[in-house]
Each structure stands twice: as structure tokens, then as C-alpha cells.
Amino acid sequence: MSVADLLAPFPRVNLTHAPTPFEFMPNLTRHLGGPDIWVKRDDCTGLAMGGNKSRQLEFYFGDAKAQGCDTVLITGAVQSNFLRMTAAAASKLGMACEIQHEDRVKGQDALYHASGNVLLDKMFGAVIHTYPEGEDEAGADNALEQRADELRQEGRTPYVIHLGADHPPLGALGYIDAAEEVVAQAKAEGVNLNAIVVPSGSAATHSGTLAGLRLHGSALPVLGVCVRREVPAQGPRVKTRTQGVHDMLGSGHAVPDTDIALTDAVLAPGYGLFGDEVKEALTLAARMEGLLADPVYSGKTLAGLIHKIRNGTFTKGQSVCFMHTGGTPALFGYSDGLVDGD
Ligand SMILES: *Cc1c(COP(=O)(O)O)cnc(C)c1O
């Protein structure tokens, strides 16, 4: 069966400007003196300032529409790009949206709670709930389920987007196409990629990209940069999620341990916070390539790639692809501390 045939049973809506560009970064490449660095511009997916979630939401909203739902619910961090893009997709598709802000990142300032993605959540008219505990995934999910029950009692038909490991990785299906795009674009440019570097959070992007490459016959290594959990917790998660993608599709593929590659070298000081390496990566991308990344995900991913260039994992003569997953609205929620001397 073709990959398109495997994907065909899953209802989908169109939310993404694809294929997104695949571009060379000559100045950053020269500055670092290592491999040729290409960027897959998934910050340019089109919906509501872009990012990886538009590809993932195509399948969640496809499922919600197929089930006749009228209201979509999702929980995440206050500066979540997923919440912002869910709210935007709901507006575009004529559905109501309720989002839950989890207080995951402590000690943030007023801008964090009002600007960036939070401002956009309000622009899209989402109903906003708050959940005070940061690292209680089960509790946050339960609170959202309770809200869904209330909506049912009011005669509405809610759809809850679940990102936890105990639900099928529906959103990861969006990255099957992205993997195919990268393979085709690299071939068209005559580039022989040695690795693609992706953020690894819920692992939808990581698992979808990895599964997609293998389904399209590519053995390209995928390096995940941990943005939320350290390697010992993230490794099993990525493997389970990637296997889950193959099982959902019925591809019959067994994921080998050797396909799971991760680094948590730039994760500290933790989820939603950034250290000097991330700040340097954001500054280099901006000043050498006119490219914006965000401090939580894409900047951290680029910092992970730079770390791997400096420690000699990737070398001159090779080519690597940085998967830019967007997140740039969060810059305005994190503006304090991003730029020296202002
Ligand atoms: C959500 C998000 C990620 C993490 O992707 P997962 O698929 O959850 O691992 C990376 N980058 C950005 C900008 C995001 O919003």
C-alpha cells in the first residue's frame, strides 16, 4: 500500500500552506564552520503565524468534524502555540474553542501572561480557563474532561484534543507529509542530508517525522532535541509514539531502538525556560539569517544542533536540516531577557 493509502482512512481538514520552504543558511553555516545547515520552514505553515501545529491539527479537526463536534477543547502551557493555533483553526472552521492555561512555568512576568500567544488566544475569541498546577498532566486532563462534561450537559458536542501518551498520536500523522517534503526538497536541491534535527516535546513532530521518513523509504537519522523531559523519560516516549504511528496506520513496521536519537544538552533550566545556548542560537539566527525562532522550542532545537556541531557530532562536508517548528509569537511573551542591554 502507498503512504497515501495508509493515510486515507483518517479524516483531515486543510489548514497548512504546504510544502513549506526548504532553505540553505549560508551565513550560519560559515560562522559555525561545520556542516551545511538547511532549514525546513515549518514556521511558515500559514495558519495564524504558523508552526508545526497546523499539520497536527488537520487530523484532530478532521476527526472532530467527522464526529459532528461543535466545540474543541485543549490544555497546555500559558504561552502554548498549540492553544493559539487550535483557537485559530476553530475560528476558521466555524467551531467554538475552550482552552486551558496550565501554570507550567513559574516566576514569569506580566508580559508572559498577557502578550504573545495569550493575546492571540483572545483575538481568536477562545474561552480561557486556568489550571494552577504546572506538572500535573493527569489533573489538567481531568479538569478539561470535566469541562467537556459540563458542555455535554448544556447540549453541546465537545471534542477534546488529548496529547498524553495514553491516547493515539493522531497529530503525528501530520508529519508524515512533512517528511516526504524534506526528502523531495533535498533531492531537488541535490543535497544528501546526514540528519534532520527536530524538537521533541509531546513527540508528535519527532515520531511523525521518523515514521514518515521510514514509510517513504528514507533511512535519514532523526535527532530529537528534548524541550520538556530529559532523555531517560523522552526516549521511551518517542519509541512508543513512533510505534503508535505505525500501528495506527497498519504499516507493519517495527521501530528499532537504534532509530531513537535524542539530546537533552540544552534542556536546562527546564521546560519553557532558556539558558545562554538558546539565547545565542536565537541571536545567531536573527543576525546571520534574518530568521526568528522562539525560546521554548525552535530556538532550543537550533541550540541543540549548534551544540552537536561544536562537539564534533556533525562536521564539515556533511549536511543537516533544522526543522523549524515556529513558535515565534512566544518571543513577545518572553521578551524580558532576550536581548542584551535594552
Ligand atoms: C508544540 C511545539 C513543539 C513541540 O512539538 P511536539 O510535536 O509536541 O513534540 C515544537 N515547536 C513548537 C514551536 C511548538 O509549538
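Digging into the domain arrangement of the protein chain
Inference 1: Domain boundaries in the protein chain define domain 1 (3-51 + 169-333) and domain 2 (53-161).
Inference 2: Residue Arg55 pairs with Asp42 through a salt bridge whose shortest N-O separation is 2.8 Å.
Inference 3: Here domain 1 and domain 2 share 16 residue pairs in polar contact (both at pLDDT 80 or more) between them.
Inference 4: Where the side of domain 1 that touches domain 2 is concerned, the elements lending two or more residues are α8 (174-189) and α9 (204-215).

Side note on the site of the ligand
Inference 1: In the vicinity of the ligand, 15 residues are found, and the nearest of them are Lys53, Gly201, Ser202, Thr205 and Thr325.
Inference 2: Broken down by secondary-structure element, the contributors of at least two residues to the shell around the ligand are α3 (53-66), β7 (195-200) and α9.
Inference 3: In the shell around the ligand, the residues fall into four nonpolar, ten polar and one charged.
Inference 4: Taken domain by domain, the shell around the ligand gets at least three of its residues from each of domain 1 (3-51 + 169-333) and domain 2 (53-161).

A word on unusual backbone geometry
Inference 1: Of the consecutive residues Ala18 and Pro19, the connecting peptide bond is found in the cis state with omega at 0°.
Inference 2: Relative to the helices and strands, Pro19 is located in the loop between α1 (3-7) and β1 (22-24).
Inference 3: Cis geometry marks the peptide bond from Ala268 to Pro269; its omega dihedral reads 5°.
Inference 4: In this structure, Pro269 sits in the loop between β9 (261-263) and α11 (276-289).
Inference 5: The phi dihedral of Ala48 falls on the positive side, at around 50°, and the residue is not glycine.
Inference 6: Within the secondary structure layout, Ala48 lies in the loop between β2 (36-41) and α3.
Inference 7: Located in the positive-phi region is Ala203, a residue other than glycine, with phi close to 80°.
Inference 8: Structurally, Ala203 can be placed in the loop between β7 and α9.
Inference 9: On the accessibility criterion, Ala203 (1% relative accessible area) is buried.

Focus on the sheet that holds strand β5 (residues 127-131)
Backbone hydrogen bonds hold the strands of a sheet together, and the pairing may be parallel or antiparallel.
Inference 1: Spatial strand order, β5-β4-β3-β6: four strands in an open sheet with parallel pairing. With partners counted over all chains shown, the strands left at the sheet margins are β5 and β6 (158-160), one partner each. Going from strand to strand, the sheet's axes swing by 25° on average, the running direction of each strand aside.
Inference 2: Here strand β4 (residues 96-102) runs beside β5; their pairing, made up of five bridges, is parallel. Bridging from a neighbouring strand, Glu98 pairs with Val127 of β5.

What about the sheet that holds β9?
Inference 1: Strands sit in the order β1-β2-β10-β7-β8-β9 across an open sheet of six strands; the sheet is mixed. On the outer flanks of this sheet lie β1 and β9, each paired with one strand and no other. Strand-to-strand twist of the sheet, defined as the mean angle between neighbouring strand axes without regard to direction, takes the value 30°.
Inference 2: Bridge count for β2 against strand β10 (residues 319-324) is six bridges, and the pairing is parallel. In the sheet register, Val39 faces β10, and the bridge partner there is Phe322.
Inference 3: Strands in contact with α9 are β7, β8 (222-226), β9 and β10; relative to β7, the strand with the most contacts, it is inclined by about 150°.

Quick word on the packing of α9 against helix α10 (residues 231-249)
Inference 1: Close contact between α9 and α10 brings their axes to 8 Å; oriented N to C, the two are set at 50°. When the interaxial angle is binned, α9 and α10 end up oblique. Seen along the crossing, α9 lies across α10 with a hand that is right-handed. For the pair α9 and α10, contact is made by His206, Ser207, Leu210, Ala211 and Leu215 and by Val238, Arg241, Thr242, Val245, His246 and Leu249, respectively.
Inference 2: Of the residues belonging to the contact of α9 with α10, the class tally is six nonpolar, four polar and one charged.

Comments concerning the environment of Leu292
Inference 1: Turning to its location among the elements, Leu292 is positioned in the loop between α11 and α12 (298-310).
Inference 2: Leu292 sits 39 residues away from Leu331 along the chain, and the two C-alpha atoms are 8.9 Å apart.
Inference 3: Excluding its chain neighbours within four sequence positions, the residues that come into contact with Leu292 are His324, Thr328 and Leu331.

Cut-offs applied
- Residues numbered from 1 in each chain as written.
- Predicted model: local features only at pLDDT ≥ 70, side-chain atom pairs only at ≥ 80, totals over all residues.
- Heavy atoms only, no water.
- Domains from an automatic or database assignment.
- Salt bridge = Lys/Arg side-chain N within 4 Å of Asp/Glu carboxyl O.
- Polar contact = N/O pair within 3.5 Å; in protein donor to acceptor, adjacent residues only side chain to side chain.
- Helix = DSSP H or I, 4+ residues; strand = E, 2+ residues; numbered from the N terminus.
- Near = heavy atom within 4 Å.
- Nonpolar A, V, L, I, M, F, W, Y, C, P; charged D, E, K, R; others polar.
- Buried < 20%, exposed > 50% of the residue type's maximum accessible area, 1.4 Å probe, protein only.
- Pairing = 2+ DSSP bridges.
- Axes fitted to C-alpha atoms, helices over the stretch in contact; angles between N-to-C directions.
- Contact = heavy atoms within 4.5 Å.
- Parallel < 35°, antiparallel > 145°, perpendicular 65-115°, else oblique.
- Left-handed = near helix turned anticlockwise from the far one by under 90°.

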